[in-house]
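Here is how the chains run, residue by residue.
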Amino acid sequence: MKTLGQFIIEKQADFPYAKGELSRLLRDIGIAAKVVNREINKAGLTDKLGEVGSINVQGEAQKILDVYANEQFISALSSGGECCLVASEENEEVVLLNQTVSKNAKYAVAIDPLDGSSNIDVNVAVGTTFSIYRRKSKEGPGQLEDILQKGTEQVAAGYIVYGSSTMLVYTTGKGVNGFTLDPSIGEFCLSHPEIKVPKSGIIYSMNEGNYVHFPEGVKKYIKYCQVEDDATLRPYTSRYIGSMVADLHRNLIKGGIYIYPTTASAPHGKLRLVYECNPLAFIIEQAGGRATNGYDRILDIEVTEIHQRESIFIGSEDMVLKAEEFMAEYSPREISKTV
Ligand SMILES: O=P(O)(O)OC[C@H]1O[C@](O)(COP(=O)(O)O)[C@@H](O)[C@@H]1O
Ligand SMILES: [Mg+2]
Ligand SMILES: [Mg+2]
C-alpha cells in the first residue's frame with residue numbers, strides 16, 4: 001500500500017528541477033484535509049453544524065464548517081512555508097501568508113474550503129477543491145497577479161471528497177490519481193491509480209429545478225437525455241447531489257456530465273472559475289474528459305477577478321460535445337447574451 005506522501009516523493013522524479021516545494025505543499029493540503037475530515041465526521045457532536053451568522057463575499061450565509069475548513073487550510077499552508085498567498089471562496093480579498101515562514105514561497109493557492117455547503121448539515125457528501133500556481137511576482141509578499149492566471153497555468157489541482165469514504169484526488173499534469181483515507185493509520189493511501197473518465201456515460205447531473213431559466217440549448221439537451229423522441233434508446237439517468245465535487249467525482253468514475261449553466265439568477269453561471277471550475281477542469285481533462293462553458297475551454301478563459309463566475313459543462317468527452325452541439329444550435333453565443 002502506497003501512502004500519498006510516498007507517492008508524491010516518488011513522482012517528484014517526474015520533474016527534474018523539482019526541489020520538493022510542491023511536494024511539501026501537497027503534503028500540507030493532505031494534513032489540513034485530515035483535520036477537516038475529522039471534524040466533518042463528528043460535526044453533529046461538536047456544535048459544528050449550522051451557520052456562524054456572517055455572510056461571505058458571494059452573499060451566502062457562512063456555515064460553521066465553511067469557516068473552520070477555511071482556517072485549517074490557510075493555517076496548514078501558512079505553517080508549511082511553500083505558499084505565498086491564498087485565494088479562498090470565504091475571503092473577499094487574497095490572504096497573504098506569514099512573511100517570515102513563506103518569504104521565498106514559490107506557489108499561490110486557490111481553495112474552496114468546503115464545497116456543497118448546503119449539504120453539510122444533512123450529512124450528504126461535501127468536498128474541498130484546490131488549485132496551485134507558480135507565482136509570477138518575485139519573492140516577498142504575494143501579489144494578486146499570482147492567482148489571476150488562466151487555468152492552463154495550474155501546476156497542480158485536486159479535490160477532497162468527504163463521502164462514505166474520504167478521498168483526495170489530484171493531478172500535476174501527468175494523469176490523475178486517487179487516494180482513500182485509511183482512518184486506522186490516518187494516511188491517504190493510493191486506491192485509484194491513473195483514473196480515466198469513461199468517454200461516455202448515462203448520467204446527467206444538473207439542478208433541474210432551474211429548468212425554466214436554462215438556456216434553450218440545455219433544455220434541448222435534457223430532453224435528448226430523457227430520450228423524448230426515441231423510446232427504444234437506452235435511457236439516461238439523472239443524478240444531482242448538489243455538491244459539485246461529489247457530482248464530479250461520481251461522473252469521473254462512472255462517466256457522466258455535470259452542467260451548471262447560466263440561469264436568470266446567475267447570468268454568468270453560479271460556480272467560481274478560479275477555485276471551482278479551473279481545478280475540476282484540470283482534473284477532468286487529465287482523466288481524458290472535457291470541460292467548457294458550453295462554447296470555450298474552461299482552462300483557456302481569462303481570469304480577471306478571484307470570485308468571477310462561469311457556466312460549466314464538464315465530464316465525459318462525448319457527452320460534453322453533445323451538449324455543446326445543442327448549445328451551438330439553440331443558444332448560439334450572440335443570442336444567449338441577450339436572452
Ligand atoms: O443549489 P444549487 O443552485 O443547485 O447549487 C449547488 C452547487 O453550488 C455549490 O454548492 C457551490 O459551492 P459552495 O457550496 O462551495 O458554495 C456546488 O457545490 C453545487 O454543485
Ligand atoms: Mg463550492
Ligand atoms: Mg464552498
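As the structure is a computational prediction, the values presented were derived from the model and not from experiment. (Residues numbered from 1 in each chain as written. Chains lettered and ligands numbered in written order. Predicted model: local features only at pLDDT ≥ 70, side-chain atom pairs only at ≥ 80, totals over all residues. Heavy atoms only, no water.)

Novice: Describe the coordination of the magnesium ion (ligand 2), and please don't skip the residues or the numbers.
Specialist: Protein-derived ligands of the magnesium ion (ligand 2) are Asp112 (OD), Asp115 (OD) and Glu276 (OE), with the metal-ligand distances lying across 1.8 to 2.0 Å. Along the chain, the residues donating to the magnesium ion (ligand 2) are arranged with the sequence spacing D-x2-D-x160-E. Between the magnesium ion (ligand 2) and the magnesium ion (ligand 3), the interatomic distance is 3.6 Å, and Asp112 donates to each metal, bridging them. One end of the pair, Asp112, is in strand E5 (residues 107–115); the other, Glu276, is in helix H7 (residues 273–286), with 164 residues separating them in the sequence. Judged by relative accessible area, which is 1%, Glu276 ranks as buried. (Donors = N, O, S within 2.8 Å, 3.2 Å for Na, K, Ca; no water. Helix = DSSP H or I, 4+ residues; strand = E, 2+ residues; numbered from the N terminus. Buried < 20%, exposed > 50% of the residue type's maximum accessible area, 1.4 Å probe, protein only.)

Novice: Hey, could you go over the nonpolar core for me, with residue numbers and the actual values?
Specialist: Core analysis: the biggest nonpolar cluster contains 43 residues, and Ile147, Tyr159, Val169, Leu252, Ile298, Ile312 and Ile314 have the highest contact counts within it. When contributions to this core are tallied by element, the ones reaching two or more residues are strand E3 (83–88), E5, strand E7 (154–162), strand E8 (166–171), helix H6 (244–254), strand E13 (257–260), H7 and strand E15 (312–315). Per element, the largest residue contribution to this core is 9 residues, and it comes from H7. Formed jointly, this core draws a minimum of three residues from each of two domains, domain 1 (4–192) and domain 2 (203–336). Setting aside residues up to four positions removed in sequence, Val169 forms contacts with Phe130, Ala157, Gly158, Tyr159, Val176, Asn177, Gly178, Ile195, His249, Leu252 and Ile283. (Core = buried A, V, L, I, M, F, W, Y, C linked by side-chain atoms within 4.5 Å. Domains from an automatic or database assignment. Contact = heavy atoms within 4.5 Å.)

Novice: I'd love a proper account of the pairing of strand E1 (residues 51–55), names of residues and values included.
Specialist: Side-chain positions along a regular strand alternate between the two faces of the sheet. Pairing analysis gives 2 bridges linking E1 to strand E2 (residues 61–63), with the strands arranged antiparallel. Bridge pairing in E2 links Glu51 to Lys63. The antiparallel hairpin formed by E1 and E2 contains 5 residues in its connecting segment, where Gly59 sits at a positive phi of about 85°. (Pairing = 2+ DSSP bridges.)

Novice: Please provide a residue-by-residue account of the environment of Gly255, values included.
Specialist: With respect to the helices and strands, Gly255 occurs in the loop between H6 and E13. Relative accessible area serves as the criterion here: at 0%, Gly255 is assigned to the buried category. Each C-alpha atom, one on Gly255 and one on Ile202, is 7.1 Å from the other, the two residues being 53 residues apart in sequence. Sequence-distant contacts of Gly255, defined by excluding residues within four places in its chain, comprise Val197, Pro198, Ser200, Gly201, Ile203, Arg250 and Ser316.

Novice: If you had to explain the domain arrangement of the chain to someone new, which residues and values would you point to?
Specialist: If you check the domain split of the chain, you get domain 1 (4–192) and domain 2 (203–336). Taken together, the 51 residues of domain 1 in the interface contact 33 residues of domain 2. Note on domain 1 versus domain 2: buried area summed over both sides is about 2,800 Å², and carbon and sulfur give 63% of it. Together, Leu148, Lys150 and Tyr159 form the three largest contributors to the area buried by domain 1 at its contact with domain 2, with a combined 20%. Between Arg272 and Glu60 there is a salt bridge, and its shortest N-O distance comes to 3.6 Å. The tally of links between domain 1 and domain 2 comes to 19 residue pairs in polar contact (both at pLDDT 80 or more). Listing elements by their share of the side of domain 1 that touches domain 2, those giving two or more residues are E3, E5, strand E6 (126–134), E7 and E8. Looking at which element gives the most residues to the side of domain 1 that touches domain 2, the answer is E7, with 8 residues. Looking at the side of domain 1 that touches domain 2 residue by residue, the classes come out as 23 nonpolar, 20 polar and 8 charged. (Buried area = accessible area lost by both parts, 1.4 Å probe. Salt bridge = Lys/Arg side-chain N within 4 Å of Asp/Glu carboxyl O. Polar contact = N/O pair within 3.5 Å; in protein donor to acceptor, adjacent residues only side chain to side chain. Nonpolar A, V, L, I, M, F, W, Y, C, P; charged D, E, K, R; others polar.)

Novice: Outline the site of ligand 1, supporting the account with residue identities and numerical values.
Specialist: Neighbouring ligand 1 are 18 residues, the closest being Asp115, Tyr240, Met244, Tyr258 and Tyr260. Between an oxygen atom of ligand 1 and a side-chain N or O atom of Tyr260, the distance comes to 2.6 Å. Considering ligand 1 on its own, with 470 Å² of exposed area, one finds that the protein chains cover 88% of that surface. Among the elements of the structure, E5 and E13 are those that each provide at least two residues to the shell around ligand 1. Per element, the largest residue contribution to the shell around ligand 1 is 3 residues, and it comes from E5. When grouped by side-chain class, the residues that make up the shell around ligand 1 number 6 nonpolar, 5 polar and 7 charged. (Near = heavy atom within 4 Å. Areas by Shrake-Rupley, 256 points an atom, 1.4 Å probe, with all protein chains shown as cover.)

Novice: Lay out the side chain of Glu310 in plain terms, naming residues and giving numbers.
Specialist: Mapped onto the elements of the fold, Glu310 is located in the loop between strand E14 (290–292) and E15. Within the structure, the side chain of Glu310 is placed 3.4 Å from the side chain of Asn293, a separation counted as a polar contact. In this view, Glu310 contacts His268, Gly269, Lys270, Leu271, Leu273, Cys277, Asn293, Ile298 and Ile301; residues no more than four positions away in its chain are not counted.

Novice: Please set out the coordination of the magnesium ion (ligand 3) residue by residue, giving values where relevant.
Specialist: Donor atoms from the polypeptide that bind the magnesium ion (ligand 3) are Glu89 (OE), Asp112 (OD) and Leu114 (O), placed at 2.0 to 2.2 Å. Along the chain, the residues that donate to the magnesium ion (ligand 3) are spaced as E-x22-D-x1-L.

Novice: Residue-level account of the packing of helix H2 (residues 21–41) against helix H3 (residues 64–80), with values.
Specialist: Any two packed helices are characterised by the angle at which their axes cross and by the distance between the axes. Where H2 meets H3, the closest approach of the two axes is 9 Å, and the angle between their N-to-C directions is 150°. By the angle between their axes, H2 is roughly antiparallel relative to H3. Helix-helix and strand crossings are classified by hand; for H2 and H3 the assignment is right-handed. Between H2 and H3, the contacting residues are Leu25, Arg27, Asp28, Ile29, Ala32, Ala33, Val35, Val36, Arg38, Glu39 and Ile40 on the first element and Leu65, Tyr68, Ala69, Gln72, Phe73, Ala76, Leu77 and Gly80 on the second. Broken down by class, the residue content of the contact of H2 with H3 amounts to 13 nonpolar, 2 polar and 4 charged. (Axes fitted to C-alpha atoms, helices over the stretch in contact; angles between N-to-C directions. Parallel < 35°, antiparallel > 145°, perpendicular 65-115°, else oblique. Left-handed = near helix turned anticlockwise from the far one by under 90°.)

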